[in-house]
Amino acid sequence: MISIDLALKYTPLPISVQRKEIEDAQTLYDQIVNAMKSGTSQLIELTCEKQTEKKVAVMSDQISAVILSQKDGGAAAGRVPGFFSMVQAEQ
């Protein structure tokens, strides 16, 4: 599964939806980025392929970041969520 996470202004928790195919996830990511770049506020409606009953609508001017990541056993593979992890060097 590919996860698309939205960080919203003034909201501590991200909104996440999933896509099964990387192409679908990349298309959704591009649509969200384009809406963020436009000068006008747009309503973005999202659905989730993993939880099909999950729906959310967000105003594009409230999105501060969009993150595209693969979510297949990330913690089990030693990867942590986020952009990077700090690892203490062995001495």
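Remember, it's a predicted structure, so these values are computed and weren't measured experimentally. (Residues numbered from 1 in each chain as written. Predicted model: local features only at pLDDT ≥ 70, side-chain atom pairs only at ≥ 80, totals over all residues. Heavy atoms only, no water.)

> Help me understand the nonpolar core in this model?
Burial of nonpolar side chains together is a common tendency in soluble globular proteins. Residues Ile4, Leu6, Ile32, Leu46 and Ile63 are the most contacted members of the largest nonpolar core, which totals 17 residues. At the level of elements, β1 (2-8), β2 (15-19), α1 (22-37), β3 (43-47) and β5 (63-70) are the ones that each hand at least two residues to this core. Look past the residues within four positions of Ile4 in its chain and what remains in contact with it is Ile15, Ser16, Val17, Arg19, Ala25, Leu28, Ile32, Val66, Ile67 and Leu68. (Core = buried A, V, L, I, M, F, W, Y, C linked by side-chain atoms within 4.5 Å. Buried < 20%, exposed > 50% of the residue type's maximum accessible area, 1.4 Å probe, protein only. Helix = DSSP H or I, 4+ residues; strand = E, 2+ residues; numbered from the N terminus. Contact = heavy atoms within 4.5 Å.)

> So what exactly am I meant to see when it comes to the sheet that holds β1 here?
Strands in a sheet are paired, the pairing made by backbone hydrogen bonds, and the direction either parallel or antiparallel. Spatially, β2-β1-β5 is the arrangement adopted by the 3 strands of the open sheet, whose pairing is antiparallel. One side of each edge strand has no neighbouring strand; the edge strands of this open sheet are β2 and β5. Going across the sheet, the axis of each strand differs from the next one's by a mean of 20°, ignoring polarity. On the sheet, α1 packs against β1, β2 and β5 and is oriented at approximately 170° with respect to β5. (Pairing = 2+ DSSP bridges. Axes fitted to C-alpha atoms, helices over the stretch in contact; angles between N-to-C directions.)

> Which parts of the structure should I look at to understand unusual backbone geometry?
Most peptide bonds are trans, and most residues other than glycine sit at a negative phi. Phi at Tyr10 takes a positive value of approximately 65°, unusual for a residue other than glycine. In this structure, Tyr10 sits in the loop between β1 and β2. On the accessibility criterion, Tyr10 (81% relative accessible area) is exposed.

> What is the right way to look at the confidence of the model for the protein chain in this model?
Averaged over all residues, the pLDDT of the protein chain equals 83, while 78% of them reach at least 70. Within the model, pLDDT remains below 50 along residues 74-80, and this stretch shows 5 contacts once partners closer than five positions in the same chain are excluded. (pLDDT = per-residue confidence, 0-100.)

> It is not clear to me how the pairing of β1 should be interpreted in this structure. Could you clarify?
Along any regular strand, the residues point their side chains to alternate faces of the sheet. Of all the 7 residues making up β1, 6 are buried; the element is thus mostly covered by neighbouring parts of the structure. Taken together, the 5 bridges between β1 and β2 define a ladder with antiparallel strand orientation. Bridge pairing in β2 places Ile4 opposite Val17. With antiparallel pairing between neighbouring strands as the criterion, β1 and β2 make up a hairpin whose turn holds 6 residues, including Tyr10 at a positive phi of roughly 65°. Of the pairings in the sheet, the one linking β1 to β5 comprises 7 bridges and is antiparallel in character. Paired with Asp5 across the two strands is Ile67, which belongs to β5.

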